[in-house]
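# Summary of the model geometry
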Amino acid sequence: MPEFSLKSDPLVSHGRHFGRTVFALCNYPSLLTNGILCLEQLEDATLEDFFIRERREHRVFEKLLDSYPGLLERLREGSEEEILHVGELIGKGASAARGEDTKSLKPVVIDWIVPAGEVILPPLPRNSKINRGFNHPLTHLQSGVISVSGDQWPLFLYANEAYDPEDPWNGLLRTCLLINAFRHIFTSPSSVDREPKATRAGNARLHGMTAVTGASIAYVTTQVRFALCSSSVFSRTDTATDSETFYHSLLDLLEDPDEQGEVTDLLVWWNYQIFPTSSAAKGTPKTNSALSKIRQKCATALTAASIS
DNA sequence: AATCATTGACGGGACACACC
DNA sequence: GGTGTGTCCCGTCAATGATT
């Protein structure tokens, strides 16, 4: 066999990383067709004429063009089918990566929320989600609210599981649980709780990623949220889990022009946690001993943490 | 009803790389 | 060489929705 295997089309690989770091949960074939259509119409209409949601999609579209050399030409010169095909490849990558991440996060997230050495009642099996979510105090996503819709944020988003009404940014998205999940997905599973000694390049290095993006934080947070809930099937349109609304609500905040000061601080903090030696983490001390101290702090804080 | 297509979870295996 | 670790891909299964 001459192996006509579509051995990892570069577009699929690109889609994996693009979904994780720029925009997940998206119908890429239609994003591309709409994007091209929009470019053609742009001469006699301004972006202001489009709805907010479409503006975001168009920004994503432009980021996609920027991130893949030659893509614009390929789409411009390609037939309608070709555009759809390219979209399918990118979407296939994004979707496969998402599926693998939910798969691998499902067991390990239990290790992160169950205090070391303790026996939990009712038990939280690593391979089953049946007791998670509202069925268990450790995974109980939110207190005092019956239905969890996507735009209500669970307390695990906040450091010490505390929301500060006076200062909504206080501790927001700065938790060990999210850092762990981010490392698990982007650097390597083994880099979560020890000094990284991976023998293979993780996803970040594989794709030349040296800085955290807001969307990647939103992505990881959405993955953790799903891992903690009792639903077994991730679906973009599932109204019970509402992952897409949740993901978008995080993006809304992280892309809000009025919040860029706070967002920049947040990204610096994250970069220091994830890429301590990269220039993206400049302005903060970055010796190895300081790093291990932080990680140690993270580990101890985590054992005491509970998701209420 | 019955059938088909699509989607996602899951397990497993191929492959690549860095150590011993 | 062998072993451990990680990504990527594939086959299978179940659930869901659309079509007939």
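Calculation rules
- Residues numbered from 1 in each chain as written.
- Chains lettered and ligands numbered in written order.
- Predicted model: local features only at pLDDT ≥ 70, side-chain atom pairs only at ≥ 80, totals over all residues.
- Heavy atoms only, no water.
- Near = heavy atom within 4 Å.
- Polar contact = N/O pair within 3.5 Å; in protein donor to acceptor, adjacent residues only side chain to side chain.
- Salt bridge = Lys/Arg side-chain N within 4 Å of Asp/Glu carboxyl O.
- Helix = DSSP H or I, 4+ residues; strand = E, 2+ residues; numbered from the N terminus.
- Domains from an automatic or database assignment.
- Contact = heavy atoms within 4.5 Å.
- Buried area = accessible area lost by both parts, 1.4 Å probe.
- 1 Å grid on protein atoms, 1.4 Å probe; cavity = no way out; pocket = protein on both sides within 12 Å on 5 of 7 lines; lining within 4 Å.
- Points joined across faces, edges and corners; volume = space filled by probe spheres on them.
- Nonpolar A, V, L, I, M, F, W, Y, C, P; charged D, E, K, R; others polar.

Near DNA strand B lie 11 residues; those nearest to it are Lys103, Lys106, Arg200, Ser232 and Phe234. Near the protein, within 4 Å, the atoms of DNA strand B are sugar or phosphate in 65% of cases. Interatomic distance of 3.5 Å between a side-chain N/O atom of Thr102 and a phosphate oxygen of DNA strand B. Here Lys103 contributes a side-chain N or O atom positioned 2.6 Å from a base nitrogen of DNA strand B.

Take the pattern of salt bridges next. Within the structure shown, the criterion is met by 6 salt bridges. The salt bridge involving Arg20 is made with Asp101; its shortest N-O contact spans 2.9 Å. Here Arg20 is found in helix 1 (residues 10-21), whereas its partner Asp101 is found in helix 5 (residues 80-113), with 81 residues between them in sequence. Here Arg56 and Glu255 are joined by a salt bridge, their closest N and O atoms 3.2 Å apart. Of the two residues, Arg56 sits in helix 3 (residues 52-67) while Glu255 sits in the loop between helix 9 (243-254) and helix 10 (260-274), which places them 199 residues apart along the sequence. Put simply, Arg56, Arg59, Asp252 and Glu255 are held in one network by salt bridges that share partners.

This part takes up the domain arrangement of chain A. In terms of domain boundaries, chain A breaks down into domain 1 (3-94) and domain 2 (95-281). In this complex, domain 1 contributes 19 residues to the contact, which on the side of domain 2 involves 24 residues. A combined buried area of about 1,800 Å² lies between domain 1 and domain 2, and 50% of that area is made up of carbon and sulfur atoms. The three residues of domain 1 that bury the most area against domain 2 are Arg20, Leu25 and Arg56, which together make up 43% of that side's buried surface. Joining domain 1 to domain 2, the criterion identifies 5 salt bridges. The salt bridge partner of Arg59 is Glu255, with a shortest N-O separation of 3.0 Å. Between domain 1 and domain 2 we count 17 residue pairs in polar contact (both at pLDDT 80 or more) in total. Those elements that provide at least two residues to the side of domain 1 that touches domain 2 are helix 1, helix 3 and helix 5. Ranked by residues supplied to the side of domain 1 that touches domain 2, first place goes to helix 1 with 6 residues.

The final tally for this structure, using the stated rule, is 3 cavities of 30 Å³ or more. In this structure, the largest cavity occupies an estimated 50 Å³ of space. For the lining of the largest cavity, the element with the most residues is helix 3, which contributes 4 residues. Residue composition of the lining of the largest cavity, by class: 4 nonpolar, no polar and 4 charged.

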